Amino acid sequence: MTKIKPLIWDETFPSLLLKGEGAAAFLHGQTTADVFANKELDRIFMSCWLSTIGSLKAILEIRLSEDTAEIVIISGEINSIRDGFEAVIFPADKVKLEVIDPIRRRQEINNNNSWKKSNFSWIDNNDLILEDISNSTKATKQELENWKIRQGIPSFDREINGETNPYELGLADTINLDKGCYLGQEAMARLFRSKSLKCQLRYWEAYGESNEFDIGKKFFSTNQEQGLKKSLGFITSSIRGKDNFFNGLALIKRNFLDQDFCFSENGNSITIKKTISFTNPF
């Protein structure tokens, strides 16, 4: 019997390097993770970079070494991050920022576990041995896109749109409210105290016509025949499969989060589910 090889998420990501004795302290004050609690050398951990009002600007992975920090940008725009960091680096911070070659990242993909809790590695191409390659299969672009959608990995300029925050996007497990001040911390603390979010990210799937499921299209609480239809959210990502099957991600208003079904503007039924990696905010 032929053994099924695991699919691998194999992708290179834009990367930055902070050099200097203040690297850990700088990231502690700029990102959402407790950097000092993760200071075990060569351990990779996830964090977010926020705006002052708490909107998500980037998802980062960080690895600390002695007086350096490598930063992989999982979702975000490298020039924006570089400029944002440069704008707040002062001589007293004792760090310098560099753009470095993209870092290659490999992770086995499946729909049973959150991508945030699955093993992965940053690798040098020279570290890959023939056995690693022969025992796995690199996911195709379509396979990877579908997996990311089902996981609910936010994409820059889609789910990360300048307005959404980590709680809305299922990234509550990357937020630390106890470590002291960092960029966006006050806004996140207010959201946590009020426990009031405008929306949450959800996975959706449906059959229909392509113009029904374009990015930005609204979902409704009832179909046209029932009347009194209310908009309950809108599409942020959309993929077309075979036989007019569509799936993607959407931001659903908080008053409708308990609904399993909704409707397109043309009245086609849409199934709504929580994404695999979504972490409840409260």
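Placed above this text is the structure.
Notes on the structure follow. (Residues numbered from 1 in each chain as written. Predicted model: local features only at pLDDT ≥ 70, side-chain atom pairs only at ≥ 80, totals over all residues. Heavy atoms only, no water.)

### Notes on the overall build of the protein
Each helix and strand in the protein was counted, giving five helices and 13 strands. Its C-alpha atoms give the protein a radius of gyration of 20 Å, near enough to 19 Å, the size a compact globule of 282 residues would have. With respect to the principal axes defined by its C-alpha atoms, the protein has extents near 65 × 55 × 30 Å. When each of the 282 residues of the protein is scored for burial, the buried share is 48%. Contacts in the protein between residues at least 24 apart in sequence constitute 67% of all its contacts with a sequence separation of at least 6. Of the roughly 14,700 Å² that the protein leaves accessible, carbon and sulfur atoms contribute 47%. Across the protein, the 36 positively charged side chains and the 39 negatively charged ones have centroids separated by 5 Å. (Helix = DSSP H or I, 4+ residues; strand = E, 2+ residues; numbered from the N terminus. Rg over C-alpha atoms; globule rule 2.2 N^0.38 Å. Buried < 20%, exposed > 50% of the residue type's maximum accessible area, 1.4 Å probe, protein only. Contact = heavy atoms within 4.5 Å. Areas by Shrake-Rupley, 256 points an atom, 1.4 Å probe, with all protein chains shown as cover. Lys, Arg positive; Asp, Glu negative; His and termini not counted. Charge placed at Lys NZ, Arg CZ, Asp CG, Glu CD.)

### Considering the packing of aromatic side chains
Using the criterion set out here, one finds eleven aromatic pairs in the structure. Taking 5.9 Å as the distance between ring centres and 65° as the angle between the ring planes, the aromatic pair formed by Phe192 and Phe282 counts as edge-to-face. With Phe192 in helix H5 (residues 185-194) and Phe282 in the segment after strand E13 (269-273), this pair connects stretches of sequence that are 90 residues apart. Residue class for Phe192 comes out partly exposed when judged on its relative accessible area of 33%. Residue classification places Phe282 among the partly exposed positions, given a relative accessible area of 38%. (Phe/Tyr/Trp six-rings, centres within 6.5 Å; stacked < 30°, edge-to-face > 60°.)

### Things to note about the environment of Ser237
With respect to the secondary-structure elements, Ser237 resides in strand E10 (residues 231-240). Ignoring sequence-local partners within four residues, the contact set of Ser237 consists of Ile149, Arg158, Glu159, Trp204, Ile215, Asn247, Gly248 and Leu249. Side-chain polar atoms of Ser237 contact the side chain of Glu159, separated by 2.6 Å. (Polar contact = N/O pair within 3.5 Å; in protein donor to acceptor, adjacent residues only side chain to side chain.)

### Observations concerning the pattern of salt bridges
For side chains of opposite charge, pairing can occur when their charged atoms come near one another. Considering all chains together, one arrives at ten salt bridges under this definition. Taking the shortest distance from any N to any O, the salt bridge between Asp83 and Arg82 comes out at 3.2 Å. For Arg82, a relative accessible area of 29% translates into the label partly exposed. Taken together, the shared-partner salt bridges in this structure form one network comprising Asp10, Arg104 and Arg106. (Salt bridge = Lys/Arg side-chain N within 4 Å of Asp/Glu carboxyl O.)

### Quick word on the pairing of strand E2 (residues 44-50)
Within E2, seven of the seven residues are buried, leaving the element largely enclosed by the surrounding structure. Alternating positions in E2 separate into two faces, Ile44, Met46, Cys48 and Leu50 on one and Phe45, Ser47 and Trp49 on the other, with burial throughout. Pairing geometry for E2 and strand E3 (residues 56-65), over seven bridges, is antiparallel. Bridged to Cys48 within E3 is Ile59. In textbook terms, the turn of a hairpin is the stretch between consecutive antiparallel strands, and for E2 and E3 this stretch comprises five residues, one of which, Gly54, has a positive phi near 90°. (Pairing = 2+ DSSP bridges.)

### With respect to H5
Buried residues of H5: Gln185, Ala187, Met188, Ala189 and Leu191, and no others. Positioned one or two residues after H5, Lys195 has a phi angle of 50°, which is positive.

### So, unusual backbone geometry
Across residues other than glycine, the phi torsion is negative in most instances, and most of the peptide bonds are trans. Residue Asp67 is not a glycine yet carries a positive backbone phi of 65°. On the secondary structure map, Asp67 appears in the loop between E3 and strand E4 (68-75). Phi is positive for Lys94, which is not a glycine, with a value near 55°. In this structure, Lys94 sits in the loop between helix H2 (78-88) and strand E5 (96-108). In this structure Lys94 comes out as partly exposed when scored by relative accessible area, which is 48%.

### Some remarks on the nonpolar core
Membership of the largest hydrophobic core comes to 36 residues, with the highest contact counts inside it found for Trp9, Leu56, Ile59, Trp115, Trp147, Tyr167 and Leu169. Every element with two or more residues in this core is listed here: strand E1 (7-19), E2, E3, E4, helix H4 (141-151), H5, strand E8 (199-207) and strand E11 (245-253). If one sorts the elements of this core by residue count, E2 sits on top with four residues. Setting aside residues up to four positions removed in sequence, Trp115 forms contacts with Trp9, Met46, Glu61, Ile74, Arg105, Gln107, Trp147, Gln151, Ile153 and Ser277. (Core = buried A, V, L, I, M, F, W, Y, C linked by side-chain atoms within 4.5 Å.)

### A short note on the pairing of E13
Burial along E13 is one-sided: the face carrying Ile270 and Ile272 is buried and the face carrying Ser269, Thr271 and Lys273 is not. Two strands pair when backbone bridges link them, and strand E12 (residues 261-263) and E13 are joined in this way by three bridges, in the antiparallel orientation. Across the sheet, residue Phe261 finds its bridge partner in E13, namely Thr271. Taken together, E12 and the strand that follows it, E13, pair antiparallel across an intervening segment of five residues, in which Gly267 is found at a positive phi of about 95°.

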